[in-house]
Amino acid sequence: MQPVKYKRATSVAEAVSLLQGGGEFARPLAGGTDVIVQARERRRDIDLFVDIKHIPELMAISHDANGVTIGAAVPLHLVYGDAKIVSQWPAVTEAAHVIGGTAIQGRATLGGNLCNSSPAADSIPAMMVLDAVAHIAGPNGKRDVSVREFCTAPGRNVLALGEFVVSISLPKPPAGSGGAWQRFIPRNEMDIAVVNAGVWVQLDGANVTDARFALGAVAPTPIMVPAAAEALIGKPLSDATIAAAGDAAKAAAKPIDDMRGSVKQRKHLAKVLTERTLRHAIERARGQA
Amino acid sequence: MVSTEKPRQYKVVGTRPIRPDGVDKVTGRAAYGADTKAEGMLFGAVLRSPHAHAIIKSIDTSKAEALPGVKAVVTARDFGAHAGGGVVDLGETRGQANYMQDNVLANHKVLYHGHAVAGVAATDQHIAEDALALIDVQYEVLPFVIDVREAMLDTAPILLDDLRTTVRAANSTLPTDKPTNIALHMSLEKGDLEKGMAEADVIVEREFETGMFHQGYIEPQNATAFWNRDGEITVWTSTQGAFSVRDAMAALCKVPVSKIKIVPMEIGGGFGGKLGVYLEPIAALLSRKTGHPVKLWMTREAVFQATGPTSATYMRVKMGAKRDGTFTGAYAYLAYEAGAFPGSPMGAGAQCAFAPYNIPNQTVEGFDVVINGPKTAAYRAPGAPASEFAVEAVVNELAEQLEIDPIELRLRNASKEGTPNTVGQPFPRIGAVEVMDAMKSHPHYASELTGEDVGRGVAVGFWFNGGMESSSSAAVNSDGTVSLILGSTDIGGSRASLAMQLAETLGLTMDDVKPQVVDTDSVGWTHVTGGSRTTFAGGWVAYELGMQIREQMRERAAQIWEVDADKVTYGDDGAIHGPDSKTMSFAELSGQLAATGGRIAVSASLTKNTQGPAYAGHIVDLKVDRDTGKVEILRYTAIQDVGTAIHPSYVEGQIQGGVAQGIGMALNEEYIYDDEGRLRNGSFLDYRMPVANDLPMIDTVLIEVPNPGHPYGVRGVGEVPIVPPMAAIQQAIYDAIGTRFYVTPISPRRILEETMPD
Ligand SMILES: Cc1cc2nc3c(=O)[nH]c(=O)nc-3n(C[C@H](O)[C@H](O)[C@H](O)COP(=O)(O)OP(=O)(O)OC[C@H]3O[C@@H](n4cnc5c(N)ncnc54)[C@H](O)[C@@H]3O)c2cc1C
């Protein structure tokens with residue numbers, strides 16, 4: 001590890017000015033479960049950590065009529081420790097529950113998972129199908145970006161120099177809707193997803209009125225799968241329509257062969273996970289799970 | 001569960017006292033290698049090869065040496081003369097000194113990705129790491145070979161110009177006079193294979209491949225060395241064999257053993273991977289150059305790249321049987337890669353392959369082959385998991401074709417006392433039949449399997465267990481306790497198991513014995529903690545010490561009571577009895593020793609080359625998720641002849657640990673190299689050992705068939721449990737989904753790609 005300076009910001013404005021002053025080698029430090037490892041292994045050049053965990057907005061969870069806003073530095077155990085989040089946005093807490101293990105979840109954050117922008121990041125597909133929005137602060141003020149548009153390439157995202165994520169909002173899900181998230185890993189924990197999938201559906205009786213599908217680890221960034229939604233929306237639920245959504249996911253998946261999975265395996269898993277996650281989301285929409 | 005047929009009643013042996021090193025270890029007080037601190041200590045780092053195979057054209061260290069804080073840089077040149085071809089005995093393996101030296105620091109050529117090229121010492125760790133980037137190494141990249149079969153081809157790139165095939169077979173036709181990657185070809189023959197096959201009603205022949213598996217110890221390799229101005233070297237390191245490290249250091253540094261002291265630190269796992277030297281000589285060279293103690297430790301990535309995996313193999317096994325199940329003939333072809341330098345555990349694999357069975361006609365042919373990978377190291381029953389996987393899988397297929405229950409088939413062919421082994425020597429008393437009987441009658445085997453895509457598999461395993469040389473001394477303290485000085489480093493609870501055997505011999509309690517592991521200047525020569533030998537051979541020595549103490553205590557009591565020594569007996573209650581009901585407790589007599597001729601101290605060194613072989617039988621239930629290829633282990637029962645369980649909890653722990661590692665080999669562990677021969681998955685994230693929640697509680701059944709070649713009936717227990725899992729799991733997967741896999745690991749990816757339509 002190289003020598004790294006550490007500065008603690010106590011306000012959004014201070015963080016912006018520290019990051020801006022630090023230039024391209026300054027990084028926000030949330031839980032540090034990605035970035036400290038990267039620095040120690042010299043996979044990233046960093047000379048300044050700006051600790052964002054002492055900024056009140058970054059550490060708050062606030063519920064209101066429109067939904068919930070989760071500070072970007074709130075550790076995952078507080079996310080899945082919040083009963084309202086668990087009951088309304090279980091797809092996100094399912095992902096939060098499996099990132100690393102208990103020790104990692106005491107530190108790791110949704111903001112860090114999003115901003116690390118790994119194609120396999122577990123929480124991102126869940127947030128994408130739930131219409132999550134990232135609230136960004138920077139030298140030019142504030143802006144909002146949909147989580148769906150946030151990642152641009154492996155390890156890259158829309159943040160400009162001096163910008164960082166303050167919080168993430170999840171809009172309140174309409175009645176009769178349900179979301180779910182799953183991943184496949186060869187072991188039961190401590191693995192990077194071979195494929196992960198988020199699904200959200202809105203039902204009207206047996207008909208699907210709206211749906212959103214996302215996949216991770218099958219493309220340079222987590223992706224939405226509109227074709228899967230099209231295969232389902234306006235149609236009655238059946239094994240055939242569920243399989244059609246799965247097939248669409250398989251077709252949309254454009255994975256690479258690497259040590260964690262082959263193209264064939266990942267495309268197949270995209271279908272399997274999409275169907276399994278969809279069935280779970282349907283049960284939730286029906287209030288059965 | 002312990003089924004006991006003890007010939008004797010023991011007081012300490014067979015109980016479960018708290019281990020003497022336990023509190024220090026769970027409270028963090030125990031000092032491991034990385035805890036070493038010395039006055040003026042420098043920190044080091046090692047530059048490693050980015051290539052799988054290349055000539056080192058030049059190394060320019062001047063920029064690194066100029067970096068402020070850097071105190072020295074060393075390369076192979078700093079060894080001075082090249083070590084000769086003498087052999088260093090590492091217990092479970094042995095190595096030629098010149099190859100060891102070239103493995104520690106590459107000489108002219110790098111032979112694998114991660115091969116050490118240079119070492120740096122600096123005032124802090126970060127500076128040492130920074131300096132690595134400033135060392136300019138010019139390479140000429142060569143073609144490389146990693147696959148064992150490809151390495152055996154005439155067209156393969158040659159790793160070691162001086163290597164010639166050594167042949168240990170009368171009928172070998174391999175040339176022995178031309179450059180090759182085949183270091184050794186051997187053939188073990190018994191009976192008449194052709195005749196055996198001709199007698200068979202059913203023959204099964206299959207090909208297998210197993211991958212490289214790493215021992216996966218939690219503590220990385222480490223060493224702190226101080227080479228003082230008087231030419232004496234002290235090394236603090238966590239090792240399985242302080243004396244084998246001393247011998248290797250003497251050979252590589254060209255210093256007499258008397259000038260080297262190895263201080264063994266607590267060891268965070270080894271499993272065979274910490275028998276040899278990696279960092280110790282580099283730290284010593286850096287220390288000589290700087291005049292300071294130098295500390296080195298490996299990153300996890302370096303551990304995977306450059307230390308220990310076991311051999312990847314290609315194997316072919318053919319077995320024939322009569323309708324009634326009698327095995328008539330067996331053939332095994334075993335090609336084991338050794339990594340970059342000769343010395344795979346193929347020989348042990350060859351001798352274990354058919355050891356569970358009485359097969360009159362058999363041939364085992366083996367090859368030791370160098371490839372562009374890390375030099376393999378011993379790993380728990382070195383060589384046996386692979387060859388026995390192949391044999392056990394074939395036995396399971398034979399059982400199916402013969403329509404005989406797989407355990408029954410094994411019982412009909414089981415080795416017994418007197419059965420000649422593969423090299424023709426008769427087995428001593430062994431528990432193969434007892435283990436197989438226990439498998440058959442275990443409730444697990446009778447239980448019903450329910451659910452979709454579930455399956456059950458069985459397999460057995462064999463391991464020799466080593467004996468070899470151990471030394472210890474003991475001193476009686478005035479308060480009635482006994483200090484026990486050990487040369488064996490404690491990996492698996494040997495302080496406890498050895499102290500218990502001394503306590504048993506003396507009729508004392510475990511608390512009365514104070515075991516201590518000491519450095520190489522403080523005890524006689526002792527072989528490595530490996531080969532499941534320590535509790536066996538060290539126990540012999542402890543028994544011997546106990547008998548010496550008993551004798552001297554008797555004499556001393558006789559002197560005090562003024563009677564003939566032969567009128568005095570040492571009771572199993574630990575008291576000394578004389579005529580007229582005279583009696584003295586051990587503690588009472590201990591308190592009088594100083595005043596009656598001096599305190600008692602004894603020592604013993606023994607070489608025990610008798611084996612107490614161990615057998616294991618495993619039953620596994622599992623479920624396969626056909627859609628993802630993931631295997632879930634539902635139930636696992638491991639039955640084992642453990643001789644005498646000195647400390648049953650540690651025996652159970654050894655069995656469970658071996659099974660966990662075997663499950664990892666079967667399902668997910670593998671070395672993944674890219675097209676350029678670079679290791680891709682050198683981390684615990686991507687080298688997928690099982691984590692705790694991947695495993696069910698592993699049930700153990702301890703069968704005690706005491707080893708007649710040991711005072712307490714001890715057989716080694718640590719290694720054989722890693723042998724059966726691969727075959728048992730392979731069979732259970734077949735039972736679940738109808739597909740047999742002949743290549744490990746049987747990972748989700750492999751299952752999916754094999755069974756998926758299109
Ligand atoms: C043992 C282990 C297991 C893991 N398992 C998983 C897993 O199962 N699934 C998974 O997805 N990940 C896993 N991870 C990766 C990591 O834990 C997660 O990505 C985690 O969510 C990162 O959060 P963090 O707060 O620790 O991020 P940090 O490391 O603090 O930050 C990550 C990156 O984002 C930047 N950043 C952080 N917060 C902000 C912000 N508010 N605004 C702008 N930039 C920001 C940082 O500068 C850095 O570049 C694992 C890591 C470890 C060490």
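Note that the structure is predicted; figures quoted are calculated from it, not measured. (Residues numbered from 1 in each chain as written. Chains lettered and ligands numbered in written order. Predicted model: local features only at pLDDT ≥ 70, side-chain atom pairs only at ≥ 80, totals over all residues. Heavy atoms only, no water.)

Draft legend 1. Geometry of helix H19 (residues 725-737) of chain B. Residue and element names in this part refer to chain B. Between the first and last C-alpha of H19 there are 18 Å, a value that for 13 residues agrees with the 18 Å anticipated at 1.5 Å per step. Counting buried positions along H19 gives 12 out of 13 residues, so the element sits mostly inside the fold. Buried residues of H19: Pro725, Met726, Ala727, Ala728, Ile729, Gln730, Gln731, Ala732, Ile733, Tyr734, Ala736 and Ile737, and no others. Looking one or two residues past H19, Gly738 carries a phi angle of roughly 80 degrees, positive in sign. (Helix = DSSP H or I, 4+ residues; strand = E, 2+ residues; numbered from the N terminus. Expected span 1.5 Å × (residues − 1). Buried < 20%, exposed > 50% of the residue type's maximum accessible area, 1.4 Å probe, protein only.)

Draft legend 2. Spatial organisation of the domain arrangement of chain A. One can read the domain layout of chain A as domain 1 (5-51), domain 2 (56-171) and domain 3 (177-285). The C-alpha centroid of domain 3 of chain A is placed 35 Å from the C-alpha centroid of domain 1 of chain A. (Domains from an automatic or database assignment.)

Draft legend 3. Just the interface of chain B and chain A, in detail. Listed as interface residues are 27 residues of chain B and, on the opposing side, 24 residues of chain A. Interface area, chain B with chain A, both sides summed: about 2500 Å², of which 48% is carbon and sulfur. The largest share of the area that chain B buries against chain A comes from Lys630, Arg688 and Arg749 of chain B, three residues that together contribute 23% of it. Here chain B is connected to chain A by seven salt bridges. Across the salt bridge formed by Asp625 of chain B and Arg276 of chain A, the nearest N and O atoms sit 2.9 Å from each other. There are 18 residue pairs in polar contact (both at pLDDT 80 or more) connecting chain B and chain A. Broken down by secondary-structure element, the contributors of at least two residues to the side of chain B that touches chain A are helix H4 (125-132) and helix H20 (748-755) of chain B. (Contact = heavy atoms within 4.5 Å. Buried area = accessible area lost by both parts, 1.4 Å probe. Salt bridge = Lys/Arg side-chain N within 4 Å of Asp/Glu carboxyl O. Polar contact = N/O pair within 3.5 Å; in protein donor to acceptor, adjacent residues only side chain to side chain.)

Draft legend 4. Highlighting the pairing of strand S20 (residues 454-463) of chain B. All names here are of chain B. Counting buried positions along S20 yields 10 of 10 residues, so the element is predominantly enclosed. The alternating pattern of S20 places Val454, Arg456, Val458, Val460 and Phe462 on one face and Gly455, Gly457, Ala459, Gly461 and Trp463 on the opposite face, and all of these are buried. Summarising the sheet, S20 and strand S28 (residues 614-625) pair through 10 bridges and their orientation is antiparallel. Bridged to Val454 within S28 is Lys623. (Pairing = 2+ DSSP bridges.)

Draft legend 5. A look at the domain arrangement of chain B. Residues and elements named next belong to chain B. With domains assigned, chain B is organised as domain 1 (33-143 + 215-306), domain 2 (428-465 + 612-758) and domain 3 (467-607). Of note, the centres of domain 2 and domain 3, computed from C-alpha atoms alone, are 39 Å apart. Across the boundary between the two partners, domain 2 contributes 16 residues, which contact 16 residues of domain 3. By the criterion of area lost to domain 3, the three top residues of domain 2 are Ile646, Pro711 and Tyr712, representing 40% of everything that side buries. In this assembly, domain 2 and domain 3 are joined by zero salt bridges. Between domain 2 and domain 3 we count five residue pairs in polar contact (both at pLDDT 80 or more) in total. A per-class count over the side of domain 2 that touches domain 3 returns seven nonpolar, eight polar and one charged. (Nonpolar A, V, L, I, M, F, W, Y, C, P; charged D, E, K, R; others polar.)

Draft legend 6. Looking closely at the sheet that holds strand S4 (residues 61-64) of chain A. Residue and element names in this part refer to chain A. The strand order across the open sheet built from five strands is S4-S5-S10-S6-S7, with neighbouring strands paired in antiparallel fashion. Every other strand in the sheet has two partners, leaving S4 and strand S7 (141-146) as the edge strands with one partner each. Direction aside, neighbouring strands of the sheet carry axes that sit 20 degrees apart on average. Note: strand S6 (residues 133-138) against S7, six bridges, orientation antiparallel. (Axes fitted to C-alpha atoms, helices over the stretch in contact; angles between N-to-C directions.)

Draft legend 7. The site of the ligand, seen in detail. All names here are of chain A. Near the ligand there are 28 residues, and of these Pro28, Thr33, Asp34, Thr109 and Asp122 occur at the shortest range. At 2.6 Å, a side-chain N or O of Thr109 approaches an oxygen atom of the ligand. One nitrogen or oxygen atom from the side chain of Asn113 is found 2.8 Å from an oxygen atom belonging to the ligand. A total of 980 Å² of accessible area belongs to the ligand in isolation, and the protein chains cover 90% of it. If you list the elements that add at least two residues to the shell around the ligand, you get strand S2 (26-29), helix H7 (110-116) and strand S10 (164-171). The element best represented in the shell around the ligand is H7, accounting for four residues. Of the residues assigned to the shell around the ligand, the class counts are 15 nonpolar, eight polar and five charged. (Near = heavy atom within 4 Å. Areas by Shrake-Rupley, 256 points an atom, 1.4 Å probe, with all protein chains shown as cover.)

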